[in-house]
Amino acid sequence: MSDHAVLHVKGRVLVGPDDVRDELWVVGGRVTYDRPVGTAADDVRTVEGWTLPGLVDAHCHVGLDAHGPVDAATAEKQALTDREIGALLIRDAGSPSDTRWIDDREDLPKIIRAGRHIARTRRYIRNYAHEIEPEDLVEYVAREARRGDGWVKLVGDWIDREAGDLAACWPRGAVEAAIAEAHRLGARVTAHCFAEDSLRDLVEAGIDCIEHATGLTEETIPLFAERGVAIVPTLVNIATFPGLAAGGEAKFPRWSRHMRQLYDRRYDTVRAAYDAGVPVYAGTDAGGSLAHGLVAAEIVELTRAGIPAVDALSATTWGAREWLGRPGLAEGAPADLVVYEADPRQDVRVLGAPRRVVLNGRVVG
């Protein structure tokens, strides 16, 4: 298909959860619902099936592996792996790598960056984050707000080796000032949080999102709902908790017990948040120790937690794109879409086998 060819997508186009159309056209790399005129038949390619907007992985790390930043070739492979499963919009939730070069590649997913993680000194994975003390938090949040694409990522809790368990990383006053500064600069703030202790302070300080959120309880869930604070549960990552707990059992038994408890109630936690009206979005936490290309598996996990299929789909399509301020299959939007053999609303497992992936109007998979 040439750069000027027209793509005809027909079958059932899921523009929104209640907006289903019979076809769309891609002209000049963009979506239109108006049949193009004067186009030669031999310059039209047809794709047929059930079509969704390009999937969103709202917690992913391109340019990062278990040891820290990776080279450009490795980052490219990560991005291509995400593309193959149909993840065409990524919120990169913290990376020490400069991946701005990806923005110049029309064949790679679009990335919304949160800059580099900001963590407390010696309270996070080595080589990942700026490791600082509370008096420097505002300065570093401002730096990453300017460096990112409208997001900043904090590490809200991590293991405190002296306590032998997860513990909050920042005093209330420090996060209040830091979040206020990020908002002044036009950036939203999210935080890694596994445990219970940091959640109330972060939400009352004005945070916009919590990653993982395994520590939500019946006391804090209403607070999230009232403030409209989103969660990205990363259930495919939470599945690793039993293995982590086993590895830390001898040295940190209290932490290991806590991690198992968080794991055991993970589905109940997500369902309770959803039932209370907390916004839930799909993310995988790929790029640390977890493989890329898992967003379809995350949607299956959300349905196992009890989220209805259409809402689980929205968490990676219509709703997620609106939350991140990026278009779906609107007239004139970049043609980023995925085509499936069957209706994903009936069985979300079809997300694991896309028939066609279209990025910027070009069939890339």
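Here the structure is a predicted model, which is why all the values come from computation and not from measurement. (Residues numbered from 1 in each chain as written. Predicted model: local features only at pLDDT ≥ 70, side-chain atom pairs only at ≥ 80, totals over all residues. Heavy atoms only, no water.)

Draft legend 1. Here's a closer look at empty space enclosed by the protein. Summed over the entire model, instances satisfying the criterion amount to 1 cavity of 30 Å³ or more. For the largest cavity, the calculated volume is near 40 Å³. His212, Ala213, Thr214, Ile231, Pro233, Leu235, Ile238, Arg266, Thr269 and Val270 together form the lining of the largest cavity. When residues of the lining of the largest cavity are traced back to their parent elements, those giving at least two are helix H6 (235-238) and helix H9 (266-275). Top contributing element to the lining of the largest cavity by residue count: H9, with 3 residues. (1 Å grid on protein atoms, 1.4 Å probe; cavity = no way out; pocket = protein on both sides within 12 Å on 5 of 7 lines; lining within 4 Å. Points joined across faces, edges and corners; volume = space filled by probe spheres on them. Helix = DSSP H or I, 4+ residues; strand = E, 2+ residues; numbered from the N terminus.)

Draft legend 2. Broad picture of the layout of surface pockets. One number sums up the size of the largest pocket: a volume of about 710 Å³. Lining the largest pocket are 29 residues, with Ile125, Trp158, Phe194, Leu244 and Trp255 sitting closest to its centre. Elements with a contribution of two residues or more to the lining of the largest pocket: strand S13 (157-160), helix H7 (241-248) and helix H8 (253-264). Residue contributions to the lining of the largest pocket peak at 3 residues, all from H7. Residues belonging to the lining of the largest pocket are distributed by class as follows: 14 nonpolar, 10 polar and 5 charged. (Nonpolar A, V, L, I, M, F, W, Y, C, P; charged D, E, K, R; others polar.)

Draft legend 3. How the structure looks around the sheet that holds strand S4 (residues 44-53). Across the sheet, 7 strands lie side by side as S3-S2-S1-S4-S18-S19-S20; this open sheet has mixed pairing. Of all strands in the sheet, those bounded by a partner on one side alone are strand S3 (30-32) and strand S20 (362-363). Inspection of the sheet shows strand S2 (residues 19-27) paired to S3 by 3 bridges, in the antiparallel sense. Bridge assignment links Val27 to a residue of S3, and that residue is Arg30. (Pairing = 2+ DSSP bridges.)

Draft legend 4. Representation of the packing of helix H2 (residues 137-147) against helix H3 (residues 172-184). Running from N to C, H2 and H3 cross one another at 25 degrees; their axes reach a closest spacing of 9 Å. Here H2 lies roughly parallel to H3, going by the angle between them. As H2 packs across H3, the resulting crossing turns out to be right-handed. Across from Leu137, Val138, Val141, Ala142 and Arg146 in H2, the residues of H3 making contact are Ala174, Val175, Ala177, Ala178, Glu181, Ala182 and Arg184. Classifying every residue of the contact of H2 with H3 gives 9 nonpolar, no polar and 3 charged. (Axes fitted to C-alpha atoms, helices over the stretch in contact; angles between N-to-C directions. Parallel < 35°, antiparallel > 145°, perpendicular 65-115°, else oblique. Left-handed = near helix turned anticlockwise from the far one by under 90°. Contact = heavy atoms within 4.5 Å.)

Draft legend 5. Structural detail: the pattern of salt bridges. A full pass over the atoms with the stated rule returns 27 salt bridges. Two residues, Arg21 and Asp19, come together in a salt bridge whose shortest N-O distance is 3.0 Å. In this structure, the salt-bridge partner of Arg172 is Glu204, at a minimum N-O distance of 3.1 Å. With Arg172 in helix H3 and Glu204 in helix H4 (residues 199-204), the pair connects residues that are 32 residues apart, well separated along the chain. (Salt bridge = Lys/Arg side-chain N within 4 Å of Asp/Glu carboxyl O.)

Draft legend 6. Spatial organisation of unusual backbone geometry. A positive phi angle, close to 75 degrees, is found at Asn127, a residue other than glycine. Tracing the backbone through its elements, the reader meets Asn127 in the loop between strand S10 (118-120) and strand S11 (130-132). Despite not being glycine, His212 has its phi angle at roughly 75 degrees, a positive value. Its location among the elements puts His212 in strand S16 (residues 209-212).

Draft legend 7. Region of the structure containing the environment of Pro109. Among the secondary structure elements, Pro109 is positioned in the loop between strand S8 (87-92) and strand S9 (110-113). Relative accessible area serves as the criterion here: at 1%, Pro109 is assigned to the buried category. Linking Pro109 and Gly206, residues 97 residues apart in sequence, is a C-alpha distance of 30 Å. What Pro109 contacts, discounting residues up to four positions off in sequence, is Ala79, Arg83, Ala87, Leu88, Ile90, Ile102 and Leu359. (Buried < 20%, exposed > 50% of the residue type's maximum accessible area, 1.4 Å probe, protein only.)

Draft legend 8. The environment of Cys209, seen in detail. Mapped onto the elements of the fold, Cys209 is located in strand S16. Using a relative accessible area of 0% as the deciding quantity, one classes Cys209 as buried. Ignoring sequence-local partners within four residues, the contact set of Cys209 consists of Arg91, Trp151, Val189, Thr190, Ala191, Val229, Ala230, Val232 and Trp323.

Draft legend 9. Just the packing of aromatic side chains, in detail. As enumerated under the stated definition, the model contains 6 aromatic pairs in all. The interplanar angle of 10 degrees and the centroid separation of 4.2 Å between the aromatic rings of Tyr281 and Trp323 together place this pair among those described as stacked. Of the two residues, Tyr281 sits in the loop between H9 and helix H10 (295-304) while Trp323 sits in helix H12 (residues 318-324), which places them 42 residues apart along the sequence. Joined through ring pairs, the aromatic side chains of Tyr124, Tyr128, Trp158, Phe194 and Phe241 make up one cluster. Between Arg21 and the ring centre of Tyr33, over which it is positioned, the NZ or CZ distance is 4.2 Å. A cation over a ring is seen here: Arg266 above Tyr263, with NZ or CZ 3.9 Å from the ring centre. (Phe/Tyr/Trp six-rings, centres within 6.5 Å; stacked < 30°, edge-to-face > 60°. Lys NZ or Arg CZ within 6 Å of the ring centre and 35° of its normal.)

Draft legend 10. Local environment of the sheet that holds S8. Strand order in this open sheet of 3 strands is S5-S8-S9, and the pairing throughout is parallel. Looking at which strands have only one partner, the edges of the open sheet turn out to be strand S5 (55-60) and S9. Geometrically, the sheet is characterised by an average inter-axis angle of 20 degrees between neighbouring strands, direction not taken into account. With 4 bridges connecting them, S8 and S9 associate as parallel partners. Residue Ile90 lies in a different strand from S9, and its bridge partner there is Ile111.

Note that every value here comes from positions in space, so none of it alone points to a role or purpose.
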